[in-house]
Every structure is written in C-alpha cells, then in structure tokens.
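Remarks on the overall topology
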Amino acid sequence: MFYPEEEDMAVQKIIIAIDGYSSCGKSTTAKHVAANLGYGYIDTGAMYRAVTLYFLEHSITFTNPKEVEKALQNIVISFHHNSKTNENETFLNGVNVEKEIRKMYISDQVSEVSAIAEVRHDMVAQQQKMGKRKGIVMDGRDIGTRVFPEAELKIFMTADLNLRAYRRQQELLAKKQMVNLEEIINNLLHRDHIDTTRKESPLVQAEDSFLIDTSYMTVDEQVEMVVNLAQTRMLSNAVLD
Ligand code: DC
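Below is a summary of the structure that appears in this document. The shown structure was predicted, so the numbers you read here are calculated from the model rather than taken from an experiment. (Residues numbered from 1 in each chain as written. Predicted model: local features only at pLDDT ≥ 70, side-chain atom pairs only at ≥ 80, totals over all residues. Heavy atoms only, no water.)

Describing the overall build of the protein chain
How we decide: The way it works is that DSSP assigns letters per residue, a run of H or I at least four long becomes a helix, a run of E at least two long becomes a strand, and they are numbered from the N terminus. This radius of gyration counts C-alpha atoms alone. The globule rule is 2.2 Å times how many residues there are, raised to the power 0.38. Burial classes follow relative accessibility: with a 1.4 Å probe on protein chains only, a residue under 20% of its type's maximum area counts as buried, one over 50% as exposed, and anything between as partly exposed. We call two residues in contact whenever any of their non-hydrogen atoms come within 4.5 Å of each other. Surface accessibility in these figures is a Shrake-Rupley result with a 1.4 Å probe; residues are shielded only by whichever protein chains are displayed.
Scanning the protein chain from N- to C-terminus turns up nine helices and eight strands. The C-alpha radius of gyration of the protein chain comes to 18 Å, within 12% of the 18 Å expected for a compact globule of 241 residues. In terms of principal-axis extent, the alpha carbons of the protein chain reach across some 60 × 40 × 40 Å. Taken across its 241 residues, the protein chain has 48% of its residues classed as buried. Look at the contacts in the protein chain between residues 6 or more apart in sequence, and 73% of them connect residues 24 or more apart. Accessible area of the protein chain: about 12700 Å², with a carbon and sulfur share of 52%.

Below you can see the structure in the form of structure tokens.
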C-alpha cells in the first residue's frame, strides 16, 4: 500500500457531531475541541433556548402551528464572539440573550418547544447552512442523526444522572443562580423523557457514533479523546483520498 508523505496529504476539515443527554459535558467538550482544532463551534441547544425565550416573551401558543410558523419568521439567531470572555454568545434579533437563555424558566420549557415540528425544521435548516463549509463542531441531540447524518465523526455522550445534576448545579452557582439538586434532577429527567420520546428526530445514539461516558472523566480527558478521534479520522480520510 502507498502511504503519501504527510506534507502531501490534503487534510480536509470535517464535521464533528456531539450528541447526548443534557449536562453530560457536551458544550464544554465541544468548545475546547473546536479551539484545539481551529474549528467553529455551534451550540444548537442555545438556538432552541433562544426560540423558547421569544415564544415566552411574545406569548406564543406552542400548540398553534400557524402562530408558531409566523413567530419563526420573526426570529433571527446569531452567535458573536466575545473577546473578553473568549466565548461565543447567543443573540436573538440583535440582542445578547446569552445569560437569559441559561435560566431555569427557559430550561423548564425548552424541551416542549424543541419538540415542535415547525421549530425543528427551521433550526435544522439553519444548522445545515452553518456547517456547510465543514470545520465545525456542533453539539445537540440530533446532529449525527438528522442535521449531519454524513458527519465524519460522531460522538454520543452520557453520564450518571446525579453527577450530571451536580455539574449543572455548579454551573448555575457560578452564574449566581441557586437551584436545589432535586429541582435540577427533575428537570433533567423531564427533558431526557421529552428529548428521547418526541416524534420529530428524537435523541438516539447514531449507530456509527462513539459512546463516551463522562461520569468519571475530566474535561481534559474528554477533549483529548475527541481530538484524537478527529485527528485519526482526518488522517484516514487523507490517506484514502
Ligand atoms: O443542550 P441544551 O441543554 O442547552 O439544550 C436545550 C434543549 O434543546 C434540550 O432539552 C433539547 C433541545 N435540543 C434539541 O432538541 N436538539 C438539539 N439539537 C439541541 C437541543
């Protein structure tokens, strides 16, 4: 077999899809992997959260498809990099909503909103556009199964429920939001249930994905594992080309 010299290989950018349950470390891992590879990062959960915020602010009836479709036409979601925090922030119709969409009242409603077919069609189309040029890490629930079924690398993350709740509580505390563990566990169970049982692209593990249980892994270990898998995939693509 002929192996080309490394400098002769065209290392092409790939799409990395990270799916899994809420609060398993998807976003943190995805952000670091993207920074490590010089890729873009898209938090698709933030998009569903922004839609939820809009629906609540405008008292949209979730069960009325016409009202939902009309509202979607008035929603523009974008991400902007904040050079002070070095984080991407979510904007809804030009307004920075990054802090607001992480609050508990949004977490309590977002799974209902993200189960609406019209909402999913709209978000999936936008996400497909964002990843068209590859070189992207996207995290969510249906990235490897619905948004980019042809993604070169698919990761499915899971973790112990109590540890997920504890991590979420720490994240909220860091943002000065005090929420008790029981409320977080109930919210996670509720969202897991809706996310896995909804009709429209439910959360399922893609057959060709790598399963990572992050219960006893550090963030560095998670990032290293995904970066290694990505580099192996890019290298094997280059050899096969
Ligand atoms: O990742 P997150 O917890 O911020 O996501 C918020 C909600 O959005 C989650 O409960 C399920 C939904 N979601 C989805 O249905 N599909 C995605 N691709 C991303 C999130």
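Overview of the nonpolar core
Rule in force here: Here, the term nonpolar core denotes a set of buried Ala, Val, Leu, Ile, Met, Phe, Trp, Tyr and Cys residues that are joined through side-chain atoms within 4.5 Å.
Ranked by size, the top nonpolar core spans 34 residues in total, and within it Val-51, Phe-55, Leu-72, Ile-75, Ile-77, Val-119 and Met-123 carry the most contacts. For this core, the secondary-structure elements that each account for two or more residues are β1 (15-20), α2 (44-57), α3 (65-73), β3 (77-82), α4 (104-114), α5 (117-130), β6 (136-140) and α6 (143-147). For this core, the leading source of residues is α2, giving eight residues. Setting aside its immediate chain neighbours within four residues, Ile-77 contacts Met-47, Ala-50, Val-51, Thr-90, Phe-91, Leu-92, Met-123 and Gln-126. If you look at the next biggest cluster of nonpolar residues, it comprises 22 residues, including Ile-18, Tyr-39, Leu-153 and Ala-159.

Some points on the pattern of salt bridges
Inclusion rule: Salt bridge, as applied in this entry: a Lys or Arg side-chain nitrogen positioned within 4 Å of an Asp or Glu carboxyl oxygen.
Going through the model one piece at a time under the given rule, you end up with eleven salt bridges. Ionic pairing is found between Glu-171 and Arg-168, a salt bridge with its closest N-O pair at 2.8 Å. Residue Glu-171 and its partner Arg-168 are located together in helix α7 (residues 161-174), separated by three residues, close to a single helical turn. Residue Glu-171 is classed as partly exposed on the basis of its relative accessible area of 37%. One continuous salt-bridge network, built from bridges that share partners, spans Asp-43, Glu-98 and Arg-102.

Details of the site of the ligand
Condition: For this purpose, a residue is taken to be near a molecule or strand whenever a single non-hydrogen atom of the residue falls within 4 Å of it. Pairs of N or O atoms are called polar contacts if they sit within 3.5 Å, as long as, within protein, a hydrogen donor faces a hydrogen acceptor (for residues adjacent in sequence, only side-chain-to-side-chain pairs). Each residue gets one label: Ala, Val, Leu, Ile, Met, Phe, Trp, Tyr, Cys and Pro are nonpolar, Asp, Glu, Lys and Arg are charged, and the others, such as Gly, are polar.
As a structural note, the neighbourhood of the ligand is formed by 15 residues, with Arg-49, Arg-120, Asp-142, Arg-191 and Arg-198 the closest of them. A distance of 2.8 Å separates an oxygen atom of the ligand from a polar side-chain atom of Arg-191. In the model, an oxygen atom of the ligand is placed 2.8 Å from a nitrogen or oxygen of the Arg-198 side chain. Those elements giving two or more residues to the shell around the ligand turn out to be α2, α4 and α8 (181-197). For the shell around the ligand, the leading source of residues is α2, giving four residues. Tallied by class, the residues present in the shell around the ligand amount to three nonpolar, five polar and seven charged.

A look at the sheet that holds strand β8 (residues 210-213)
The test is simple: Being paired, for any two strands, means DSSP has found at least two bridges between them. Here, axes are lines fitted to C-alpha atoms. For helices the fit covers the stretch in contact, and angles between N-to-C directions go from 0 to 180 degrees.
Spatial ordering of the open sheet is given by β2-β6-β1-β7-β8, a layout of five strands whose pairing is parallel. Looking at which strands have only one partner, the edges of the open sheet turn out to be β2 (40-43) and β8. On average, adjacent strands in this sheet sit at an angle of 20° to one another, irrespective of strand direction. Pairing of β1 with strand β7 (residues 153-158) involves five bridges; the strand directions are parallel. When the sheet's bridge partners are listed, Asp-19 is paired in β7 with Phe-156.

What about the packing of α2 against α5?
Going by this rule: For classification purposes, angles smaller than 35 degrees are called roughly parallel, those larger than 145 roughly antiparallel, those between 65 and 115 roughly perpendicular, and all remaining angles oblique. Here a crossing is called left-handed whenever its near helix is offset anticlockwise from the far helix by less than a right angle, and right-handed whenever the offset is clockwise.
In the contact formed by α2 and α5, the axes pass within 11 Å of each other and the chain directions differ by 140°. In terms of orientation, α2 lies oblique with respect to α5. Our pair here, α2 against α5, has a crossing hand that is right-handed. Facing Thr-44, Met-47, Tyr-48, Val-51 and Phe-55 of α2, the residues of α5 in contact are Val-119, Arg-120, Met-123, Val-124, Gln-126, Gln-127 and Met-130. Here the residues of the contact of α2 with α5 sort into eight nonpolar, three polar and one charged.

Everything listed is a geometric property; what it means functionally is a separate question.
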